[in-house]
Amino acid sequence: MATAIASIGDEQAEIPAVIAPSLREGAEFEPLPEATLRRLYTYMLKCRTVEEKIRILFKQGRFSGNYFAAVGQEATAVGTTLDLLEKDAIAPSHRSFITHIMKGTPLKLLFAQLYGRKTSPDQGRSAPAHCGYAPLNIITPSSTIAAQLNIGTGIALAFKMRREPNVVIALSGDGSTSLGFWHEAMNFAGVQKLPMVFVVINNLYAESVPLYLQTAVTDISLKAQGYGIPGVSVDGNDVVAVYQAAREAIDRARAGEGATLLECKTYRWYGHSEIDPAKYRTPEEVQEWKQRDPIVAMEQRLEGLGLWNEAWKQELIAGFRQEIEEAVDFAEKSPVAEAEECLDHVYSFSVRERELDRKVWSPKFEVVRR
Amino acid sequence: MPVMTYIDAINTALREELTRDENVFLIGEDIGKMGGVFKATKGLQEEFGAERVMDSPLAEGVIVSSSIGAAMSGLRPVAEIQFADFITPAMDALTQQAAKLRYRSAGTQTCPLTVRVCYGGGVGGGLYHSQTNTSWFIHTPGLVVVAPSSPYDAKGLLKAAIRDDNPVMFFEHKKLYRSVKEEVPVEDYTVPLLKAAVKRAGTHLTAVSYGYTLRLTLEAAERMKQEHGVEVEVIDLRTLAPWDKETVLDSVAHTSRVVIVHEDNRTLGIGAEISATIAEQAFDCLDAPIVRVTPPDIPAIPAAAAMEHFYMPNVDKIVAAMEQVIRY
Ligand SMILES: Cc1ncc(C[n+]2csc(CCOP(=O)(O)OP(=O)(O)O)c2C)c(N)n1
Ligand SMILES: [Mg+2]
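All figures in this text were calculated on a predicted structure; none of them were measured in a lab. (Residues numbered from 1 in each chain as written. Chains lettered and ligands numbered in written order. Predicted model: local features only at pLDDT ≥ 70, side-chain atom pairs only at ≥ 80, totals over all residues. Heavy atoms only, no water.)

Right, let's get into the domain arrangement of chain B. All names here are of chain B. Taken domain by domain, chain B consists of domain 1 (3-183) and domain 2 (197-326). Centre-to-centre separation of domain 1 and domain 2, based on C-alpha positions: 26 Å. Taken together, the 29 residues of domain 1 in the interface contact 23 residues of domain 2. Counting across the domain 1 and domain 2 interface gives 2 salt bridges. Across the salt bridge formed by Asp-153 and Lys-199, the nearest N and O atoms sit 2.6 Å from each other. The interface formed by domain 1 and domain 2 contains 17 residue pairs in polar contact (both at pLDDT 80 or more). Among the secondary structure elements, those contributing two or more residues to the side of domain 1 that touches domain 2 are helix H5 (134-138), strand S6 (144-146) and helix H6 (151-163). (Domains from an automatic or database assignment. Contact = heavy atoms within 4.5 Å. Salt bridge = Lys/Arg side-chain N within 4 Å of Asp/Glu carboxyl O. Polar contact = N/O pair within 3.5 Å; in protein donor to acceptor, adjacent residues only side chain to side chain. Helix = DSSP H or I, 4+ residues; strand = E, 2+ residues; numbered from the N terminus.)

Time to look at the site of ligand 1. Residue and element names in this part refer to chain A. Around ligand 1, the structure places 14 residues, and the nearest of them are His-94, Arg-95, Ser-143, Gly-175 and Asn-203. Between an oxygen atom of ligand 1 and a side-chain N or O atom of His-94, the distance comes to 2.7 Å. Residue classes in the shell around ligand 1 are distributed as 3 nonpolar, 8 polar and 3 charged. (Near = heavy atom within 4 Å. Nonpolar A, V, L, I, M, F, W, Y, C, P; charged D, E, K, R; others polar.)

What follows is about the confidence of the model for chain A. All names here are of chain A. Chain-level pLDDT for chain A is 93 on average; 92% of the residues reach the 70-or-more range. The low-confidence segment residues 7-13 (pLDDT under 50) makes 17 contacts with residues lying over four places distant or belonging to another chain. Per-residue pLDDT stays below 50 along residues 15-19; that stretch engages in 21 contacts with residues further than four places along the chain or on separate chains. (pLDDT = per-residue confidence, 0-100.)

Counting residues at the interface gives 55 residues for chain B and 48 residues for chain A. Interface area for chain B against chain A, summed over the two sides, is near 4500 Å², with a carbon-plus-sulfur share of 58%. The three residues of chain B that bury the most area against chain A are Tyr-103, Arg-104 and Gln-281 of chain B, which together make up 15% of that side's buried surface. Taken together, the links from chain B to chain A amount to 1 salt bridge. Between Arg-163 of chain A and Glu-51 of chain B there is a salt bridge; the shortest N-O distance is 3.4 Å. Here chain B is connected to chain A by 25 residue pairs in polar contact (both at pLDDT 80 or more). (Buried area = accessible area lost by both parts, 1.4 Å probe.)

We now examine helix H5 (residues 147-161) of chain A. Side chains that are three or four residues apart share a direction in an α-helix, a result of its 3.6 residues per turn. Residues and elements named next belong to chain A. Taking 1.5 Å of rise per residue, the 15 residues of H5 would be expected to cover 21 Å, and the 22 Å separating its terminal C-alpha atoms lies within 8% of that figure. Counting buried positions along H5 yields 14 of 15 residues, so the element is predominantly enclosed. Looking one or two residues past H5, Arg-163 carries a phi angle of roughly 55°, positive in sign. (Expected span 1.5 Å × (residues − 1). Buried < 20%, exposed > 50% of the residue type's maximum accessible area, 1.4 Å probe, protein only.)

In this structure the tally under the stated criterion is 42 salt bridges over all chains. Note that Asp-83 of chain A is salt-bridged to Arg-39 of chain A, the shortest N-O span being 2.2 Å. With Asp-83 of chain A in the loop between helix H2 (74-81) and strand S3 (89-91) and Arg-39 of chain A in helix H1 (residues 34-59), the pair connects residues that are 44 residues apart, well separated along the chain. Its relative accessible area of 34% is what places Asp-83 of chain A among the partly exposed residues. By relative accessible area, Arg-39 of chain A is classed as partly exposed at 33%. With a shortest N-O distance of 2.8 Å, Glu-332 of chain A and Arg-62 of chain A are connected by a salt bridge. Of this pair, Glu-332 of chain A sits in helix H10 (residues 310-333) while Arg-62 of chain A sits in the loop between H1 and H2, and the two are 270 residues apart along the sequence. Taking relative accessible area as the criterion, Glu-332 of chain A reaches 34% and is therefore assigned partly exposed. Because the salt bridges share partners, they merge into one network encompassing Glu-16, Glu-17, Arg-20, Lys-155, Lys-159, Arg-163 and Asp-188 of chain B.

Okay, the sheet that holds strand S9 (residues 197-200) of chain B next. Residue and element names in this part refer to chain B. Within the open sheet, the 5 strands sit side by side as S9-S11-S10-S13-S14. Their pairing is mixed. Of all strands in the sheet, those bounded by a partner on one side alone are S9 and strand S14 (291-293). Going from strand to strand, the sheet's axes swing by 25° on average, the running direction of each strand aside. Inspection of the sheet shows strand S10 (residues 205-209) paired to strand S11 (residues 232-236) by 5 bridges, in the parallel sense. When the bridges of S11 are listed, Leu-205 appears paired with Val-232. On top of the sheet, helix H9 (residues 270-281) reaches S10, strand S13 (258-261) and S14; it is set at about 160° to S13, its chief contact. (Pairing = 2+ DSSP bridges. Axes fitted to C-alpha atoms, helices over the stretch in contact; angles between N-to-C directions.)

As structure tokens, then:
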């Protein structure tokens, strides 16, 4: 079983990375079809290529604000969101930008979002990484950590009430588990047997704060017990393990059997955001995790099955780069919203007149000056 | 036309909306079998089932948040907050999520939900069962804040709120629930949101209020007529945000004198906003300083009767303010 290190105070401690057993007692996962294996890999590679490009653009000052890269965590993002139905919802965290790629939000719109352009899904309102997309049921998130989980329960409730076979994938980090919202959402999902999968992306840090200051357990999945739902921990860098565990949870949810807590143990390679040098982690720790690159691991696995070679990889990357260039071009050529458009979409009615035209009243009675 | 109490009017509005639109559902603490602590949802679970009249866990955050998610998905949730005092666990959901969802998604995601909130003092409820905190939400653009003062308005405004595409906070004063009765049509009708009502016409003084204190203001206006022959125009704001400036400023343009009465804290209560707006947009209309009748700025309403009495606006205090403004 693979182990990972994380700094606990001045010391380094080993944190076991668990491979999840199937939720069904004694059952084994079926081997995945070759096409699925290749798709899992392809999407991880695409997500990485996109995010590395985003980081460069930010460093070049081509867009402002900030960005929260999930580089190193691709197996988790991809394994939990591959092949969702169009109406399935995603309740994203600040580090879930790449799940848009999984759901099918056009790359052009995502880059327009980073650039804050009028062509973006929210027409330049939200911060770069806080992107939603209504046509694909991705909640436009706020920055409040874990709030999306609670809202996700309502979307799941609507699926349940309308007897629709859809699910909500609710993504959050290890840090989010400390908030009341997290508890409220898990509890309500348990009580109402909501069609949800709570994916806790345990990357061992919430900004600078290590896991042991966040919670007294090492396996966050343990917390599921308190809500009467199943919980599993999985090696979040093993895309096959993540996918299999997630599929099982999604199938349960679709079948009306309720929510699952899926903890994926992984690591973000870079700082919390693009302006964080992440000095709170040792270079050795980061190096150790980079050696467990989920993409390289999948390449080795595929190669063993005769499903991978370097030429194919380069071909894929070339395709992604072209799509990215087109998206960047679209974003850079897109207009910004007119300043006064900040007055729009406050209510279902317009407040423009109210804000712009401050009428003055004069006396309608006879003025008697004393 | 049957005579209804305020609580009957609310119960009726909920029943009618549940019947009219299958997307409407209710969620809150103790609203099911028990019918709510004030019985606003009495009999509704029996009639519509436990899914459409849902007892939630004791968690205001999830009551409002799940309503937001359900509303995003096209349902029309009506959430109940048992006491305004306990709305704080839902503050993120209301101010950061509901208020901003339309805005942050540029209108592509919206949450047409209604949050019914039981508020107000004067019933000996003490610090945590008496608060009037409408200002917290008036201060949050994106939310519509409504507070009816009569059974007729309660029914019509609640139906309008449920059908509205914005998140609406619907404040019900607990002291009004059973103390006022009036004829309420059995037919379907709505009272428009965002519109104040002139509840009593007058030419000498404009008095602005809402909810429970609106009724006190009406009594004070009657006394001003009896005792001084002063004709007070009484405006019921009904919707506190966005409030109906036109109706208020038009009235001020005719009367030149203003008294504002509310149960919210004085500092940055809606009276402050109305006063500032009059000063900015109708300065020439004024013949006297604006006077506010509000509680003092203390953390909450004490339970002991004498202190609660000191805290609450009442008819005597309002009459005194009106006299002061007229005498100026
Ligand atoms: C309620 C709240 N508190 C603080 C923040 C600031 N903040 C943004 S991300 C973050 C850390 C989140 O950690 P985690 O949940 O583990 O997610 P990760 O960043 O590791 O993906 C903090 C403290 C916030 N956005 N919301
Ligand atoms: Mg984290």
